[in-house]
Amino acid sequence: MITEEDIEEVIALFESEDFEDSFASEEELYWNYLNSDSFKGLSSAEHQMLFFINSVIYHSCKDLLSDAYEFDIEEYQTYEEDNWAIREDTKKWGDTLDLYFEDYSQEDLLAFVEDMLAQDEDEAELSDLGREVIFITAKSYIDFFVGDD
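Residues numbered from 1 in each chain as written. Predicted model: local features only at pLDDT ≥ 70, side-chain atom pairs only at ≥ 80, totals over all residues. Heavy atoms only, no water.

Colleague: Help me understand the packing of helix α5 (residues 73–88) against helix α6 (residues 93–101), please; the structure alone is not making it clear to me.
Modeller: To characterise two packed helices, one gives the angle between the axes of the helices and the distance between these axes. Where α5 contacts α6, the two axes come as close as 9 Å, and the packing angle between them is 135 degrees. One finds that α5 runs oblique with respect to α6. When the axes of α5 and α6 are compared, the crossing they make is right-handed. Along the contact surface, α5 presents N83, W84, I86 and R87, while α6 presents W93, T96, L99 and Y100. Per-class residue counts for the contact of α5 with α6 are five nonpolar, two polar and one charged. (Axes fitted to C-alpha atoms, helices over the stretch in contact; angles between N-to-C directions. Helix = DSSP H or I, 4+ residues; strand = E, 2+ residues; numbered from the N terminus. Parallel < 35°, antiparallel > 145°, perpendicular 65-115°, else oblique. Left-handed = near helix turned anticlockwise from the far one by under 90°. Contact = heavy atoms within 4.5 Å. Nonpolar A, V, L, I, M, F, W, Y, C, P; charged D, E, K, R; others polar.)

Quick look at the structure:
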C-alpha cells in the first residue's frame, strides 16, 4: 500500500529544483486523454489540479507498485465507467465518497486526492463539478494501477 509518507516524498521531489516531471512523456496515452475534449469544460485551475494530482499518482504508483507497467486506455475507461456508475447511484457527493473509500486498498492515495480537492474558503477556483470530475478521473487512474485488489 502506498502510504502518506510515500506521497509526501513524491511531492517533495516535485518541489526540488532539478526535478523534471516525466509524466507527460512516459504516460503519453493517458496525458492525451486528459487533454481531450472530455475535459474541455474544466477551468485552467481545474486542469492544473487534474495534471498535478494524476502526475503524483503516476510517480507514486510507478515507483512503488508496478514493474511491468503499460497504460491501457480501454481498461482504464472500464474503471472510470464503474466509478461514474457509483456516482450516478448516489444523490450526495459525501455518500459517493463513502462508497469510494469503503475497504479501498489505497486509502492514503485516495485521501491525498480528496485533500487536494477540499474546498478552501479563500480558494474558489474549483467548481463542485470540476472537483467530482477530477476525483473520479484520479480514482480511476489509481484503480487502473492497483487492479482489483
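Colleague: Would you explain the packing of aromatic side chains in this entry?
Modeller: To describe a pair of aromatic rings, one takes the distance between the centres and the angle between the planes. Counted under the stated rule, the structure contains 22 aromatic pairs. Residues Y30 and Y76 carry aromatic rings whose centres are separated by 5.2 Å and whose planes lie at 65 degrees to one another, so their mutual orientation is edge-to-face. With Y30 in helix α3 (residues 28–34) and Y76 in helix α5, this pair connects stretches of sequence that are 46 residues apart. Neither residue differs from the other here; Y30 and Y76 are each classed as buried. (Phe/Tyr/Trp six-rings, centres within 6.5 Å; stacked < 30°, edge-to-face > 60°. Buried < 20%, exposed > 50% of the residue type's maximum accessible area, 1.4 Å probe, protein only.)

Colleague: Would you mind going over the nonpolar core with me for this structure?
Modeller: Soluble globular proteins tend to pack their nonpolar side chains together in the buried interior. Within the largest apolar cluster, 41 residues are counted, with the highest numbers of intra-cluster contacts made by I53, I57, V113 and Y141. Residue assignment for this core shows that the elements contributing at least two residues are α1 (4–15), α3, α4 (44–64), α5, α6, α7 (107–116) and α8 (128–146). The element contributing the most residues to this core is α8, with ten residues. (Core = buried A, V, L, I, M, F, W, Y, C linked by side-chain atoms within 4.5 Å.)

Colleague: Looking at this structure, how should I read the pattern of salt bridges?
Modeller: In a structure, side chains of opposite charge can pair up when their charged atoms sit close to one another. Under the counting rule described, the total for this entry stands at four salt bridges. The residue R131 makes a salt bridge to D128 at a minimum N-O spacing of 3.9 Å. Taken together, the positions of R131 and D128, both in helix α8 and three residues apart, correspond to about one turn of that helix. (Salt bridge = Lys/Arg side-chain N within 4 Å of Asp/Glu carboxyl O.)

Colleague: Looking at this structure, I do not really get α7. What am I missing?
Modeller: Structural remark: α-helix, 3.6 residues per turn; residues separated by three or four positions point the same way. When we look at burial in α7, the residues that qualify are L109, L110, F112 and V113. Burial along α7 is one-sided: seen end-on, the buried residues are contained in an arc of 150 degrees. (Arc of directions from axis to C-beta.)

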